[in-house]
Amino acid sequence: MLALNGSDSLYMDGVMKIYTTTSVWIPVAAVLLFIVFKNTTPRNTLLIILGVALTVLLTDNISSDVIKPLVGRLRPSYDPSIMHLIDTFNGYRSGGFSFTSSHACNSFGLFMFLSLLVKNRTLSFTLLLWAIVNSFSRIYLGVHYPGDILCGAIVGMAIGWIVYLLYTFVHNKIEFRPAHMSANYTRSGFLVEDVNIMTSAIYLTFVFITIYALIYINNNIL
């Protein structure tokens, strides 16, 4: 925990704080919605939106409302035995209990559901990278132990997989689409060029965060 928590770099502090902020990823979510709408029927688009919403709802509620109160583990930023050794950013300590990490649960749940849905290796790798960095940022900021992240990731992936199975069951009942054999499509029927737009949107957000962190840190210092 102490080896992974914080650094002597104000810039990296800013990067991690911005990365873990939900609002910075809204443009990526908008791109995902556009691609789903473009590549599927309206009925299937609604089904996918419900699948994503159900994944987030289950991962967040199971982590926050079931596991955390049941385990009752204090965050490292509040644990009297370690809190004075923890690096925090501008006093940010978060709230509630620590185990499991809801960020990790949500991130890896979405990674699993969307990877199984789209079936594109490049996008799957990018989503995995996004989930790992998003989860690591919580250790860096001192609000979660590595075990919180690991178990949150496992729970999230299990939920994402179950929701995908449910989506597949309902999809096969209400709509049939033949498998695409062309290299221009993924096996689930998404245009590869559209999937590449989604991948690019994620990496562009990475770049935006690295640039905006400079402004963010300067404003906080001043």
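Described in the following lines is the structure provided in the data block. (Residues numbered from 1 in each chain as written. Predicted model: local features only at pLDDT ≥ 70, side-chain atom pairs only at ≥ 80, totals over all residues. Heavy atoms only, no water.)

### With respect to the overall build of the protein chain
If you tally the helices and strands in the protein chain, you get seven helices and zero strands. For the protein chain, the α and β elements follow one another from N to C terminus as α-α-α-α-α-α-α. Here the protein chain has a C-alpha radius of gyration of 19 Å; the compact-globule value for 222 residues is 17 Å, and the two agree. Seen through its C-alpha atoms, the protein chain measures out along the principal axes to roughly 60 × 40 × 25 Å. Residue burial in the protein chain is summarised as follows: out of 222 residues, 45% are buried. (Helix = DSSP H or I, 4+ residues; strand = E, 2+ residues; numbered from the N terminus. Rg over C-alpha atoms; globule rule 2.2 N^0.38 Å. Buried < 20%, exposed > 50% of the residue type's maximum accessible area, 1.4 Å probe, protein only.)

### Overview of the pattern of salt bridges
Taken as a whole, this structure holds two salt bridges when the rule is applied. Residue Asp148 pairs with Arg73 through a salt bridge whose shortest N-O separation is 3.0 Å. Within this pair, whereas Asp148 is found in helix α6 (residues 146-174), its partner Arg73 is found in the loop between α3 (42-71) and α4 (102-118), the two being separated by 75 residues in sequence. (Salt bridge = Lys/Arg side-chain N within 4 Å of Asp/Glu carboxyl O.)

### Observations regarding the side chain of Ser115
In this structure, Ser115 sits in helix α4. Not counting residues within four places of it along the chain, the set of residues in contact with Ser115 comprises Leu110, Ser124 and Leu127. (Contact = heavy atoms within 4.5 Å.)

### Some thoughts on the nonpolar core
Residues Trp25, Leu117, Phe190 and Ile202 are the most contacted members of the largest nonpolar core, which totals 36 residues. Every element with two or more residues in this core is listed here: α1 (10-19), α2 (26-39), α3, α4, α5 (121-140), α6 and α7 (192-221). The greatest single-element share of this core, amounting to eight residues, is contributed by α4. Beyond its immediate chain neighbours, meaning those up to four positions away, Leu117 contacts Ile48, Tyr164, Tyr167, Ser188 and Phe190. One finds Met1, Ile82, Ala104 and Tyr145 within the second-largest nonpolar core, a separate group that totals seven residues. (Core = buried A, V, L, I, M, F, W, Y, C linked by side-chain atoms within 4.5 Å.)

### Focus: the state of the cysteines
Counted by the stated rule, this structure contains zero disulfides. The thiol of Cys105 is not disulfide-bonded; the next cysteine sulfur, from Cys151, is found 10 Å away. Taking the relative accessible area as the measure of exposure, Cys105 reaches 0% and is therefore buried. (Disulfide = S-S within 2.5 Å.)

### Some remarks on the packing of aromatic side chains
Applying the stated criterion to the full structure yields eleven aromatic pairs. Aromatic side chains Tyr19 and Phe206 sit 5.8 Å apart centroid to centroid with 20° between the ring planes, which places their arrangement in the stacked category. With a gap of 187 residues between them, Tyr19 in helix α1 and Phe206 in helix α7 connect regions that are remote in the sequence. Both residues of the pair, Tyr19 and Phe206, belong to the buried class. (Phe/Tyr/Trp six-rings, centres within 6.5 Å; stacked < 30°, edge-to-face > 60°.)

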